[in-house]
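# A structural walkthrough
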Amino acid sequence: MKLIAIGDSVCDCYIEENIFFPGGNCYNVAVHAKRCGAEETSYTGVLGDDYMADYLTECLEKEGVKAENCRRMYAASAQTGVKLVNGDRVFVAIQPYSCQKIAAIKITAKDLELAKTADVCHISCYSNLEYELETLAKAVALSFDFSEIKDDGYFKKVCPHLTYAFLSGSGLSDDECKALAQKLHSLGTKNVCITQGSKGSFFSDGQNFYRHGIVKVEVVDTMGAGDSYIAAFLVHYTENKDVPKAMEAAAAYAAHNCTKRGAIGYAHTLSI
C-alpha cells in the first residue's frame, strides 16, 4: 500500500512544559501509515524556514516518509499551543501568521505524478486544497478529514471528489451517524467513517453500516488519536478490503497511540 498526504503540518507546543511535538493531520497520517506497514508514504506541505521546520523534516526522514515535494518559504512554522486537561488536548492559537496561513499549495505536474503512484491521497480540511480536489481525484483515490465540520455548503464542494470521508462526531447517535453518512454518499462520497471518541467508530459504504468500540488503555495524551485511526484504517482496508478488521486494527492502533506523548512522539525543546 502506498499513501501520499498533502496539506497541514504543525508544531504542537505544550507551553507549560516548554516542549513541542511534530504534528498536523496530514503529517501525522503519513507517519502513522508508514508505522502501520504501508510500503511507501510521502508528505507534501508548506514548511517555514525556522528550526521547527528543520525538525519536522528531520522526523519524517527518521520515519522513512518521503518529503521531497514539500515547499519551504520565508515564514514561521505553523504552531498551536496545547494544554492537557485530564489527558485531553485543549488548543490555544499562538501563531496567527504562519507559513500555512499565508500560502497554499498549487498542485504541479510533479505532484500529480507522485499521486498517481499512490493507492490513496489523504487531505484534510486544514490543507487549503479544496480548489485542487477535482484535479487530484482524477489521479488517485482521495481520503479527506472533515474534523468537526458539518456544513452542507462545504460538503457539496468537497464530497463529489472523495473515496473516503472521515469526520468527528462524538455526540451523534447511531441514527444521526447514518443520516450524516447517507448525506455524504448522496453527494458522491463512497465511504464514510465517523470517529466518536469513547463511543468508538461508525462506518458506512453506502449499503452496509458498521460499528466498532474502543480498546481501553491508560490514556496519557489523546493528541493524534483520530489521525492514527485514519492511517491504520486506510492501510488495513486498502490491503484487505475488510471493514470490520480494518476498524478493529485502527481502534487498537489509535488506543496504543494514546498511551504516549504527542501525535507521533519526538519531543523537542521549545525556543521562545
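Residues numbered from 1 in each chain as written. Predicted model: local features only at pLDDT ≥ 70, side-chain atom pairs only at ≥ 80, totals over all residues. Heavy atoms only, no water.

### A closer look at the overall build of the protein chain
A tally of regular secondary structure across the protein chain gives nine helices and 14 strands. Relative to the globule expectation of 19 Å for 272 residues, the C-alpha radius of gyration of the protein chain, 17 Å, shows essentially globular dimensions. Dimensions of the protein chain along its principal axes, counting C-alpha atoms only, are 50 × 45 × 35 Å. Among the 272 residues that make up the protein chain, the fraction classed as buried is 54%. Nonlocal contacts in the protein chain, meaning residues at least 24 apart in sequence, comprise 65% of its contacts between residues at least 6 apart. Of the roughly 11800 Å² of accessible surface on the protein chain, a fraction of 50% belongs to carbon and sulfur atoms. (Helix = DSSP H or I, 4+ residues; strand = E, 2+ residues; numbered from the N terminus. Rg over C-alpha atoms; globule rule 2.2 N^0.38 Å. Buried < 20%, exposed > 50% of the residue type's maximum accessible area, 1.4 Å probe, protein only. Contact = heavy atoms within 4.5 Å. Areas by Shrake-Rupley, 256 points an atom, 1.4 Å probe, with all protein chains shown as cover.)

### Examining the sheet that holds strand S9 (residues 141-147)
Pairing between sheet strands relies on hydrogen bonds along the backbone, with the strands arranged either parallel or antiparallel. Read from one edge of the open sheet, nine strands run S5-S4-S1-S8-S9-S10-S11-S12-S13, paired in mixed fashion. With one partner strand each, in any of the chains shown, strand S5 (71-72) and strand S13 (209-212) form the two edges of the open sheet. As defined by bridge partners, strand S12 (residues 201-204) adjoins S13 across four bridges and the pair is classed as antiparallel. Considered in S13, the bridge of Phe203 is made with Tyr210. Against the sheet, helix H7 (residues 174-186) touches S9, strand S10 (164-168), strand S11 (191-195), S12 and S13, its axis set at about 145° to S11. Strand contacts of helix H8 (residues 225-240): strand S1 (2-7), strand S8 (120-124), S9, S10, S11 and S12, with the helix running at about 155° to S10, the strand carrying the most contacts. (Pairing = 2+ DSSP bridges. Axes fitted to C-alpha atoms, helices over the stretch in contact; angles between N-to-C directions.)

### Some details on helix H2 (residues 51-63)
For H2, which comprises 13 residues, the first-to-last C-alpha distance of 19 Å matches the rise-based estimate of 18 Å (1.5 Å per residue) to within 8%. Among the residues of H2, those classed as buried are Met52, Ala53, Tyr55, Leu56, Thr57, Cys59, Leu60 and Glu63. With its phi angle positive at about 75°, Gly64 sits one or two positions after the end of H2. (Expected span 1.5 Å × (residues − 1).)

### A short note on the environment of His212
Here His212 shows up in strand S13. What makes His212 partly exposed here is its relative accessible area of 22%. Here the alpha-carbon distance between His212 and Lys245, two residues 33 residues apart in the chain, equals 9.8 Å. Those residues within four positions of His212 in sequence are excluded, and the remaining contacts are Lys199, Gly200, Ser201, Pro244, Met247, Glu248 and Ala251.

As far as function goes, none of this settles anything; it's purely spatial.
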